[in-house]
Structures are given as structure tokens and as C-alpha cells.
Protein chains: 2
Amino acid sequence: MTFWLCSQLAAWIFLLLIPGLSDGGKLLVVPMDGSHWLSMRQVVEKLTERGHEVVVIIPEVSWQMGVTQAYTVKAYPVSYTLEELDGAFHQYVLSHLKGLPFPQNVLTQYNNSIAVFNIFFSHCKGLFSSKEMMQYLNQSDFDALLTDPVSICGATVANYFSLPFIFFMRGFPCGLHYTATQCPNPVSYVPRLFTFNSDRMTFFQRVENALVAFLELWYCNGFYEDAIKFSSEVLQRDVSLLDLLSSASIWLLRFDYVFEYVRPVMPNMIFVGGINCVQKKPLSKEFEAIVNASGEHGIVVFSLGSMVSEIPMKKAIEITEALGSVPQTVLWRYTGQVPSNLPNNVKLVKWLPQNDLLAHPKTRAFITHGGSHGVYEAICNAVPMVLMPLFGDQMDNAKRVETRGAGLTLNILEMTSKDISDALRAVINDKKYKENIKRLSELHLDRPIHPLDLAVHWVEFVMRHKGAPHLRPAAHELNWIQYHSLDVFAFLLAVVLLSMFISLECCLFCFRRCFHKKGRTSKPTKSKSH
Amino acid sequence: MTFWLCSQLAAWIFLLLIPGLSDGGKLLVVPMDGSHWLSMRQVVEKLTERGHEVVVIIPEVSWQMGVTQAYTVKAYPVSYTLEELDGAFHQYVLSHLKGLPFPQNVLTQYNNSIAVFNIFFSHCKGLFSSKEMMQYLNQSDFDALLTDPVSICGATVANYFSLPFIFFMRGFPCGLHYTATQCPNPVSYVPRLFTFNSDRMTFFQRVENALVAFLELWYCNGFYEDAIKFSSEVLQRDVSLLDLLSSASIWLLRFDYVFEYVRPVMPNMIFVGGINCVQKKPLSKEFEAIVNASGEHGIVVFSLGSMVSEIPMKKAIEITEALGSVPQTVLWRYTGQVPSNLPNNVKLVKWLPQNDLLAHPKTRAFITHGGSHGVYEAICNAVPMVLMPLFGDQMDNAKRVETRGAGLTLNILEMTSKDISDALRAVINDKKYKENIKRLSELHLDRPIHPLDLAVHWVEFVMRHKGAPHLRPAAHELNWIQYHSLDVFAFLLAVVLLSMFISLECCLFCFRRCFHKKGRTSKPTKSKSH
């Protein structure tokens, strides 16, 4: 903790000492709604603090994003309502809770995710239809653009206004962040998203991984089909998904290798995992009182993330029953109907200061859906986890935590009340979970510069130098055959075969000559002997 | 420059603020002699300053390394003399200046490099034969070991004493730093050492690159044959080169992508290119006087590096003639016989403060052999270069500088006096060279933390955590077939073929049945019809 405070202070001094760095920058931000925005907001706030003119353009209908004093926000009209957005997302979450059989579950989830994405993406049509906004963007002289690649709207805007751009992200379907950066992605030890494999796979897991890698070639084309059509119309040329993505100057990835599996990377990838672990703030009186009243057993923090705050009543009752069986006080972020069996040790709250509670020494465990923000906060604060993944990358995140020995995963569809209480008791009472997460936490926090300062540096770098072309690999100029040297190998094979053929022909020629001579000389000898 | 000073100051404050980080560390350093030691020494000095107990073990016979007040040095006896070492290296350099025809030149240089390496490596035998030194190392409780991988002695010592270790290097033959780290190394755009190709290759350059990559499989086994035999004896098990290297925790690589070609990397590679560009110190009165007297034309700095300070007289006379034709004052580090035609504007010196001179605003150009230290100093200080590469990675370095438009390369064997003066005038008078090196310099110096502080952080990281196992890829546990998924593809192909075979058999079976029935039913019909 002392390390962390000192490094914070030093980084602050470092950034303060360089006033020249923050002079006159003008940044356009095209964010993505939902939990994706939570940590990007911190970068935006820090850049504004450092004197840059930061303009965030958002759709008028939004979950997490809104007008604030901390930076300039400009909104543009969209064709959908908040109810429609909520409805589509609710359907998407429900499709994961229905317990449909395979392959119906996969197909329903895929179709629902496309439906949510298409509503999401339609804000981009609103943006390009807003004459006022387009005129403003056209007249503003931005140095760079910061965006989330998953909603490819930001990349389209950057390409439209020829702005250098920075991507900020954690998860991207189909490993597009590797394909677009020309980063090798070996199928043998880099598990594909949604396989729930680790980096140590059995033979059949590797087969599965290879098959999913094949599927990914098709999956994202379907997912982004409409969006790419729109981008092509706007940019007045046929663009592919990779065209749009591959020109990013810098990829700020919320990765850290205490959590991610080690794999090849590229020099324009900057790792800012744990960027959301801000310095602990004191708890409000209300929460402080609950925590202090928990006694020697301490507390358990329970949240299914910013996107899901209620679950079906049957599940809620099962969970409540389990929570009632542990001696800890459980602080549960929950906005649904209060379960009838709510015990005294479970406190339902509409919102909780998650990072501050996790940082409290009385916190014993964290029950989470496995969103990356929550997992990194648990790692920063060394709190073991019980994971109840629901959708997106959450299952894979849970698998990562489990392989590190820092938590236990439950199947939200099949878990019983006993499973929940067993898992919770295990991560609290079995010392190995605490030891493992403590080790991960120490490794994670031992870094030369805080991820937030690192992200700010690289955004400013792109603003100052109008991109980072020196970090772009020459591989972008090769086609698939050239990249894999198939033409070279074919040529070398042809040379070898030709050499072998010529050598063989020479040998045969010599052999025939010798044989012919021998034949001619032996005949008279034979006839002589007769 | 202000950026740099501020970041230096901030980094210093950062490191100063964290006293806990420097408590009680004990580091063993097994350096490599020659220019390799120059920048590692800075890391060692900084670590000592930060309160660590740093012990550098060196052979009694050495070029660059010696006893100092800055850190603890312990020497062990060796079987060779300084004259033998000098003689072998002299032969090695001479083999590059002889202008022998191909393939004699390559074979001579290869054999001479093996001869130098074997003398170098024999110090390792001295180390393991020294009972006193071995007893000392055995009794000392080191936290980690810092070494240069090229002389694999350090890796052998680390394996022998089971110490976590950090490699510090710039160039390594055969791309061993990529093979040992499981880092993909695409032959299509990553030029192999000694090919002098850039990352944008023609088809036949790619063919050449592929052939050199094949040769590398053989080249280093020959080069390290004796050393590996010795390491196997010492470690009492059969070790391969990769066994020794692959267990390094962290690879501190003196790379920066304003100079290196962009390529895939691994998370345990830390880039500290430009680590040797220390803060500018004021010039001594002697040098200050020469620089001030140079007038409006300024000066040219000329050095062929720390390893070569004299050249054949014929070459020296040609060079001197060229230097006499430019209006700049030339400061030439040269210890050989004074050329008869030495003009007034050329000042021969036995040693020069290279970085301080390059940092002087009156410096117009740098004539260099293309060693990485000098090139980085030129980049830091934005001085365009004329490169006269001699051996090792110098030709490749020169090619890199040339592709960046920051200098011109001369063939030291073929260059005439006119070539030299033309090149020198070009880099001084053609603005594009200065502009290009200035752009590279700005990109290079715009970094979130100074490379020296970054290197210090990661050495301390390994000391604190006894390694960095979380940065080790699972690929180390796969064999070649598994890594490339050849078994998976063979299995999938077998499944596809089997499915096709079964489908075909089913079709044939159905077809036969139909045909058979038809045959049986048609006959009576036919007979009926008759």
C-alpha cells in the first residue's frame, strides 16, 4: 500500500513537472456506453485535469454517460428510447438465464447480442445525421480521437475526419485486436474467448480452441455486418472491419499478466490493467457503520456489476439462503424485489462504493459476476472471489481467476444454495485463496508507473506527434501468403525439386552412359569366352 | 530537453520516495566484457546507489571492467593473458578489413568469432575452477542475478545456484532471444541479423531472409558448442542452449522502435533502448575550447567505438583527406600512428566524452562505426550520422539508421576519400537528415519513464518476487508439433477425411441398393414387357 501511495505521488509529481506536455491539446472522445465507459471516464477526467480540451460526444439516450462539470459533453439525437435500449439488454441477459439446451442457447444469445449491438450502433447513424454535430466536428481542430473499438463508431469518425486515434478496451470479440494489429495469436496456448479454456489445454481443448478460432472468422462478420455497411456508406469506399481497426495508433489494453494469460503482443499495445483501481476513499458514515458492526467476521461484498442489479426471484431466494448461513455481514447491491427470506446479516443496497469496500481490511470475500473492473479491484485489494459469471467475457474472466487459485466459480444456472455457501466459506476460510490473491495483488501493484498515468502519457503522445507511425509493423503491407512466406517456401521447394530432378537426370545420364559402354564392351568379351 | 530533465527529476523523486523497495536486496552480476558492459554498468551503479548490495564478479584479465568504488567487485583467475585476448580480437577485426572474397570472408569471420568467443568463455572455466569464488557464491544469499546472455556464463551460474535471473542485452546471434522466450519471429518482415535487410523486403530478400533463418539453426550450435559442453558438465545434466536461456525471468532489451523494426514481442521483454544516454555533463575546458573555436561551422564527432581505436594507415590517410575537405572541426578518437596528411581542422584525441559532445548544439554530424551505444546517443541528441560499420550488428544498425533517413552508410572496404566527404557534406547540409533524426529524437525521448529507471525497477522486481513466473508463457510446455497445432490439424483432417469416406460409403451403399433393387425389379418388368 505504501508502494502504491508513493508511486501515485511520484507519478503526480512527474505529470505536474511537465506543463509543456499538456499545453494546447484537443481531444475528441467517442465512448461506448455501459461498463466500458467506467474506466475510460477516468482517463478523460485526468486529461481534462492536465489542461487539455477534451470533448466527449454522446448519444442523447444513454445508461452511464451524461453531462458533467469534469469535461465538455456534447450530445446528438438518436432514434431509440431508453426503454428500447433497456428492453434489448434485458432480453440479452435473460437469454443467459433461461438455461436453453445447446445449440439453441448459443443461437439465442448470438441473435440477442446482435440485436443489442445494432441498437447500440444506431447511435452512430444519429451522429452522422446530426448536421449540427458534424459541422462542429468539421470545424474543430482535434489532435486525436480516443474511442472504444467494440462500438466501431469511433473508428468510423476517426477515419472520416482523418484523425489519429487511440483505442481503449478490455475485451473484443474474435480476437480482432490481434488480427488488426498483426499480432500472432497461436491457437495452441492462447485460449479463444467463450471457450473457458486456460492457457494449459488438453488435446481436445486445443481441438475445440482451433474450431472456435475458425468460427471467429465468420462470427464477427455477421456481428458487424450492418455497421460495416454503414461505415462504407459514410466513408464512400468499401471498408472491411480490419481496414477500420488497423490504423489505430495505440491500443490501450486493460490487461495485466497476473490476470491475463501470457502471449505474444505488439509494441503499440500498452497495458493498463487495473487502471480503475483508484486510491481508496474513506467510506461514508452509513457504510462505515455497517462494516464496523460486522465484528471479527468482517464483511462480504456482493455485486453483479453496473449492468445487472436484479435477478429472478427464485435465484434471489437461493442466494439469500446461502448468504444467511455465513457469519459475515453481506453487503449486496440489489434493486429487485426484496426476497422473503432475507436474514439479518444481509444488507441490500441500491449502490455501493465497491473499490472502497474491497479496500477495507474487514472485507473477507467478493461475490462478483466476473466483470473485468470488479476482478481488477479485487486483485488490487487482495480480496478472494466467488464468481457468478453471466455473459460476455465473464465466464473467461472467472476461469482466469480460478486458474490463479484466487477464487471459485459457480454456474449461475445450476448452483444450489449449498454450492454458494460452500464456495463462500471456502474462499474465506481456506487460506490458500487469500494467499494467492495477495501474491497476485503484490505482483500487480509492483509497477514502474500507474496504469492511469501510462494511458494519459500515450494519449498525449498521439496528440503531440499526430499518431505513432514508428510503432506500426511492416506486416500491414504484406498479404496473407507473403506474411506466412508461402511464396518463399513454394519457391525454395521448387528450387530443391528442380535441383533434385536435374541431379537425378545427370545421374541417370551418367548411369546410362556407363551401362551402355559396359554393355558394348561386355558383349564382345562374352562372345570371346564362348 | 526540458521534458527529459523533468522526467529525470521526476523519476529520481519516484525512486527516492520508495525506500522500502531498495531495502536489503543482494544482486550478483556476471557481466560480459567489451562494449556490452558500458550500459550494464550504469544499471549496476544505480542499483548500488539505491542501497542494494551489488557484487560484480569479473575475470582478472579484462578490457573494460575493473575495480571501482561504486560497487563491489570480486575477481577470479583466468588462464589467458590480456595480450592473448587483444590478439584474438585484433585478428577478428582484421578479418573484416581484409576484403576477402565470398565465401572465404564469411568462413574466416565465423572462425575468428568462434576463437574470440572461446577465449571469452574460458573465463567461465576459471570462475568454476576458483574454489574461493565458488565458496563465496555458495555462502552468499543472493536474491537474483543480472547478466548478459551472449556470454552464457551468467546463465550457467544462475542455473548452478538456482538463482532467478535477468538478461540485459542488445544483440544476440540467431535470434536466440526470440526462440528462448517463445516469441514469434516471422521471417517475412523481421530481417535476420547479418542480412542487412530492412523490414520491407523484396521477394528475393525474403528468400535470403528465410535461408539465413535456416542457417541460424546451425550457426549458433557451432558457436556455443564448447560452452554448452562445459555448462552440461558443471550442471551435471545435458543442457541445451535454450534450456539455459529460457528460464530467464526478464529480458531487458536495449531496443526502441524509433531504431528497431516493429515486430511481435513478449510481456517479459522490457525495452530500455537509449539507457546509455545519460544526462549531459559540461565539457572539460580542453574540449570546450576546441568546440568554441570551431566557429559557425561547428564540429563533427568521429569515433569507431570503444573496441576499435586504430585502423590501417592507408584507410586513415583516405579518411583524413576527406575530413580536411569539410569546414567543420573534426574531433577524432584515434590512438594509431598519426597520418602524415593531418589537416588543421582534424583533432586526434585518445578519448572523447562522446555523449557530451553529441549533446553540444555546435555538433553537426557523427561519424560512427554504428555500435548501438553510439547510435542511441546520436538519436538522443538528434545528430545525423555517417556510418562505417565494421563487424557484429553494426552493418544492420547502419541499415536501420539509413532506412530512417537519419544517416548515410559507407562500405569501409571500398569507400574513397570523395565518398566520405560527400556523405559528410550531405548529412550536414541536406536538411532532411537533421529533420529525420530530430523527429526520431523527439519520439525516442517522449517516454513515460527513463529506460534506466525502468531497468532498475525490473531488476528489483525480480529480486523482490524471486522471479517473474507470471510472465512466463505456457508455450514453454508445448513441443514444436503441439505449438504449431500440427497434431490438432492432423486430427481435424483425419476427421474430415473419415467423414467424407463414411459419407461416400453411405452414398455408394444407397446407390448400390437402389441400383440392385432397380435391377431386380426391372428384369421381371422387362420380361413382362416382352
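Scoring rules and cut-offs
Numbers given to residues run from 1 along each chain, matching the order in which its sequence is written. Chains and ligands are labelled sequentially in the order written, the chains with letters from A and the ligands with numbers from 1. This being a predicted model, a pLDDT of at least 70 is required before a residue's local features are given, and a value of 80 or more before pairs of side-chain atoms are given or counted; all residues contribute to the totals for chains, interfaces and linings. With hydrogens and water stripped out, all remaining heavy atoms of the structure feed into the side-chain values. Only residues with pLDDT of at least 70 in both copies count here: their C-alpha atoms drive the least-squares fit that superposes the copies. Residue contacts follow a heavy-atom distance rule, with two residues in contact if any of their heavy atoms lie within 4.5 Å. Any pair of cysteine sulfurs within 2.5 Å is marked as a disulfide. Put simply, DSSP marks the helices as runs of H or I at least four residues long and the strands as runs of E at least two long, and each gets a number from the N terminus on. Partly exposed describes any residue whose relative accessible area lies between the buried limit of under 20% and the exposed limit of over 50%, with all areas from a 1.4 Å probe on protein chains only and scaled to the type maximum. UniProt positions are given in the numbering used here, feature names are shortened, and annotations may be inferred rather than shown by experiment. When two rings of Phe, Tyr or Trp (its six-membered ring) have centres within 6.5 Å they constitute a pair, described as stacked for plane angles under 30 degrees, edge-to-face for angles over 60, and tilted for the intermediate range. Counted as over-ring charges are cases with an Arg CZ or a Lys NZ within 6 Å of the ring centre that also lie within 35 degrees of the ring normal.

**Here's the deal with the relation of the copies chain A and chain B**
Consideration 1: Superposing chain A onto chain B takes a rotation of 180 degrees plus a shift of 0.0 Å along the axis, which leaves an RMSD of 0.2 Å. On this basis, the relationship between the two copies can be described by a two-fold rotation axis. Using C-alpha coordinates, one finds that chain A approaches the rotation axis most closely at V265 of chain A, a distance of 2.7 Å.
Consideration 2: A share of 100% of interface residues in chain A that are also interface residues in chain B marks the association as one of identical surfaces.

**Comments concerning the state of the cysteines**
Here a disulfide denotes one covalent bond, and it connects the sulfur atoms of two cysteines.
Consideration 1: Per the stated rule, a full pass over the model turns up six disulfides over all chains.
Consideration 2: Between the sulfur of C277 of chain A and that of C380 of chain A lies a disulfide, 2.1 Å long from S to S. The S-S bond linking C277 of chain A to C380 of chain A shows a torsion near 95 degrees; that makes this disulfide right-handed. Placement of the pair is C277 of chain A in the loop between β7 (269–271) and α11 (285–292) and C380 of chain A in helix α14 (residues 372–380), with a sequence separation of 103 residues. Assigned by exposure class, C277 of chain A and C380 of chain A land together as buried.
Consideration 3: Just so you know, C514 of chain B is unpaired, no disulfide at all, and the nearest cysteine sulfur is the one on C510 of chain B, 6.5 Å from it.

**Re the UniProt feature "transmembrane region" (unreviewed entry) in chain A**
Consideration 1: The sites that UniProt annotates as "transmembrane region" (unreviewed entry) are residues 488–511 of chain A.
Consideration 2: This span, residues 488–511 of chain A, is 100% helix and 0% strand, and a straight line between its end C-alpha atoms measures 34 Å.

**A closer look at the packing of aromatic side chains**
Consideration 1: Summed over the entire model, instances satisfying the criterion amount to 60 aromatic pairs over all chains.
Consideration 2: Measuring from ring centre to ring centre gives 5.1 Å for F203 of chain A and F204 of chain A, while their planes differ by 80 degrees; the resulting arrangement is edge-to-face.
Consideration 3: Using a relative accessible area of 27% as the deciding quantity, one classes F203 of chain A as partly exposed.
Consideration 4: Here F204 of chain A falls in the exposed class, since its relative accessible area comes to 56%.
Consideration 5: Seen in terms of ring centroids, F259 of chain A and Y376 of chain A are 5.3 Å apart; in terms of plane orientation they differ by 85 degrees. Their pairing is edge-to-face. With a gap of 117 residues between them, F259 of chain A in the loop between β6 (250–253) and β7 and Y376 of chain A in helix α14 connect regions that are remote in the sequence. As far as burial versus exposure is concerned, F259 of chain A and Y376 of chain A are alike and both buried.
Consideration 6: Among the aromatic residues, those joined into a cluster by ring pairs are Y110, F117, F121, F128, Y160, F161, W218, Y219, F223, Y224 and F230 of chain A.
Consideration 7: K74 of chain B extends its terminal NZ or CZ atom over the ring of Y136 of chain B, reaching a point 4.6 Å from the ring centre.
Consideration 8: Sitting over the ring of Y178 of chain B, R263 of chain B keeps its end group 3.4 Å from the ring centre.

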